[in-house]
Structures are given as structure tokens and as C-alpha cells.
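Residues per chain are reported as follows:
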Amino acid sequence: MAKETALSGIRPTGELHLGNYFGALRQWVSIQEKYDCHFMVADLHSLTTLETTKNIKEKTLELAGLWLASGLNPKKSTIFLQSAIPEHGELGSIFSTLLPVSMLELNPTYKEMVSENPKAGSFGIMNYPVLQAADILIYKASRVPIGKDQDPHIEITREIARRFNRRFGNIFPEPRSMFDEVPKIYSLSSPQKKMSKSHGPDSYIALLDSPDKIRRKIKSSVTDSGSEIKYDELNKPAISHLLDIFYLVSDKSAKELEKKYKNSGYAEFKKDLAEAIIKHLTPIQKKYAEISKNPKAIEKILKDGSERARAVAQKTTREVKSKIGLLDF
Ligand code: ADP
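Residues numbered from 1 in each chain as written. Predicted model: local features only at pLDDT ≥ 70, side-chain atom pairs only at ≥ 80, totals over all residues. Heavy atoms only, no water.

The name given to the protein chain in an unreviewed UniProt entry is Tryptophan--tRNA ligase. Per its UniProt entry, the protein chain bears the Sequence similarities (unreviewed entry) comment "Belongs to the class-I aminoacyl-tRNA synthetase family." Recorded under Subcellular location (unreviewed entry), the UniProt text for the protein chain is reproduced unchanged: "Cytoplasm". (UniProt positions renumbered as here; feature names shortened; annotations may be inferred.)

Pasting the structure below:
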């Protein structure tokens, strides 16, 4: 039986952090055998946040290098660059006719960005989930391994697939999100918010942070009142989120950790957490140091992957045109 197709992407902006790693990248690595995987450097999506398009070429190679260092294998997965496949934009513009604007205005990511900065509400930001639907459906992906924050976007992708199929004929699957064990990693500085590169460097641990930086960031991370180490998301969200990270980097459950740190304060807990993160990231950082010596090789992997992806994208675009009834020559 043919494998199901999976697609996901990350924007080459800022620094790759533990939220991206435990929300998305780690599952990508683990599903490479089971699915026909497509992983995309979402460089066109990074244009929606202007301040982060600086050094976009370097950031693209750094991101792809970190994927390889984390275990993505170009022999198993198609690793490619969004902007190298113009058919994504073509399909996106067809998809943009299928939804009312009011539906896109309700998207939580859009609402959050506009409430933080009303002038940031470009058409591109509103249209983000539509282009994302094209990214996914052009490969007829049925699975999308992502963090929980992206789930509303996949709902929009499903709606677009349904509307296209109803109107022009059934060619697209209705993709489903796939989450890792902890589908949302939270900010170190404000425990109600997700860990994100848009909330400042002290809110996240970057995959390339030095040991000293990691120790400093964990030491100054926000905690709750009372010194008890207890998993209680409602009353102790900050410590619960740190326990989640501790579990992910050490494989010790919250129960085991609660027991171990029962009689110690936050300081000892944080010290050990920082060391566990450092231990987890060191092999990735070492591999990245090797891989990044040869940016041309990373570029070649992206170019080869993009050629493979483009062939699929062109095939789907022809099928779409034929379903709609457009002349195609
Ligand atoms: P950011 O929000 O830092 O700009 P992206 O939007 O590029 O990151 O997200 C890339 C991937 O990483 C997506 O699959 C997203 O769901 C995942 N991701 C980002 N932040 C988190 C988080 N805090 N927890 C879990 N997954 C996350």
C-alpha cells in the first residue's frame, strides 16, 4: 500500500527554539519511515513579518542545517524551499477565491497579530492560511505534523479542500494535524503564551544557545508563587510548563520529577533542568557545527528536494486546471 503523504514547514526567521523542536521537528524525524514526508523551508511565509526577513538566505541554510543535524534525512524525506515552487502561489490564488474574508478574519493567529500591532494586518498575513492550504494540498498531504498553535490553520485547509472538492470534483484529501507528546511549549517569561521567536530571546531556548545562555535563561525563567514543584497547570502553570520541558529532555515523567524535587526549591530544580537541556542539545549542536561548514551541500539538498517537489506540484496544478476547466498549454 502507498504511504500517506505528510507535509510541514517552518519559517526561516529568528532562531529555531525548543517550541519548534518539540512541537514539530522531533515528530518529523520520527515519521520519516512511515510517511512520504515533505518538509519545507517556508521562506515566503516569513515575508509576513517584515523585521524578520533580514539575512533570509543565511537563515534558510541555518534552518535546513539544523533540520539535518536533528536527524532529517534527505534520502528519506523531500526537503525543499517554498519559494522555488511557484505553483504554491498559483494554487494559493485559486484557493483565495473559495473562502469569505470574514472566515480568515476569525483566525486566532491573525487576530493576535493584529491586536499586538494593528498596522501589521497586511493582506499577506490574512492570506497566510490560504497559502498554507496550497502548500499542503499541492502534495495531497493527508497528515500535517505541527504544534498545537497551528491547528486552526489546518481547519482552514480542510475547509478549502472540502469547498474545492464540492465545486470542482474530488481531488484533495482533508488533512489532519499530528501532534507530539507535548503539543504546545510555553514561553519562559510569560507562562500563558506559547514559546515563540516573536516574544523575545529570553522567552525561549534556541537550539544553538550556548550552555551559559541556557543556564541564565532557565535561572531567570518565571515561576509561580509557593516553592513546591508540582504539576498543576491551572494553579502552577509556570512550573508545570518547566516540568513538561524537563520531561521532554530527560524522559523522566512529571511524577518522578515531583518526587525527586519534593524537598528542594526552584533553584536546584532549575539548575538540573538547564543541565538536562544542555545534554539534550549538545549532540545536535555538534552535528550542526560540522554540517554548517559546508553551506553549498545544504543548498544542494534543498535544490534537489525542490526539483522533486516541483514535479509533484506541477502534476497537481495541471489536475486542478483540468478540474476547473481552464485551458492548459
Ligand atoms: P514561531 O511561532 O516561533 O514563529 P513558526 O510559526 O515558524 O514559529 O512555527 C513552526 C512550527 O513550530 C509549527 O509547526 C508550529 O506549530 C511549531 N511551534 C512553534 N512554536 C511552538 C510552541 N511554542 N509549541 C509547540 N509548537 C510550536
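1. Observations regarding the pairing of strand β2 (residues 36–41)
Each regular strand shows side chains that alternate between the opposite faces of the sheet. Among the 6 residues that make up β2, 5 are buried, leaving the element largely enclosed by the rest of the structure. Regarding topology, helix α1 (residues 18–30) serves as the crossover connection from strand β1 (residues 5–10) to the parallel β2, and that connection is right-handed. Where β2 meets strand β3 (residues 78–81), 4 bridges bridge the pair, whose relative direction is parallel. When the sheet's bridge partners are listed, M40 is paired in β3 with F80. (Buried < 20%, exposed > 50% of the residue type's maximum accessible area, 1.4 Å probe, protein only. Helix = DSSP H or I, 4+ residues; strand = E, 2+ residues; numbered from the N terminus. Right-handed = clockwise from strand over helix to strand, strands pointing away. Pairing = 2+ DSSP bridges.)

2. Concerning the domain arrangement of the protein chain
Partitioning the protein chain into domains gives domain 1 (5–183 + 294–324) and domain 2 (209–289). Here the C-alpha centre of domain 2 lies 31 Å away from the C-alpha centre of domain 1. Counting residues at the interface gives 12 residues for domain 1 and 12 residues for domain 2. Viewed at the interface, domain 2 and domain 1 are joined by 0 salt bridges. Summed over the shared surface of domain 1 and domain 2, the result is 1 residue pair in polar contact (both at pLDDT 80 or more). (Domains from an automatic or database assignment. Contact = heavy atoms within 4.5 Å. Salt bridge = Lys/Arg side-chain N within 4 Å of Asp/Glu carboxyl O. Polar contact = N/O pair within 3.5 Å; in protein donor to acceptor, adjacent residues only side chain to side chain.)

3. Some remarks on the packing of helix α9 (residues 237–250) against helix α11 (residues 266–291)
Viewed as axis vectors pointing N to C, α9 and α11 meet at an angle of 35°, and their least axial separation amounts to 9 Å. In terms of crossing hand, the pair formed by α9 and α11 is left-handed. Residues I239, L242, L243, I245, F246, L248 and V249 of α9 form the contact with α11, whose own contacting residues are Y266, F269, K270, D272, L273, A276, I277 and H280. Broken down by class, the residue content of the contact of α9 with α11 amounts to 12 nonpolar, 1 polar and 2 charged. (Axes fitted to C-alpha atoms, helices over the stretch in contact; angles between N-to-C directions. Left-handed = near helix turned anticlockwise from the far one by under 90°. Nonpolar A, V, L, I, M, F, W, Y, C, P; charged D, E, K, R; others polar.)

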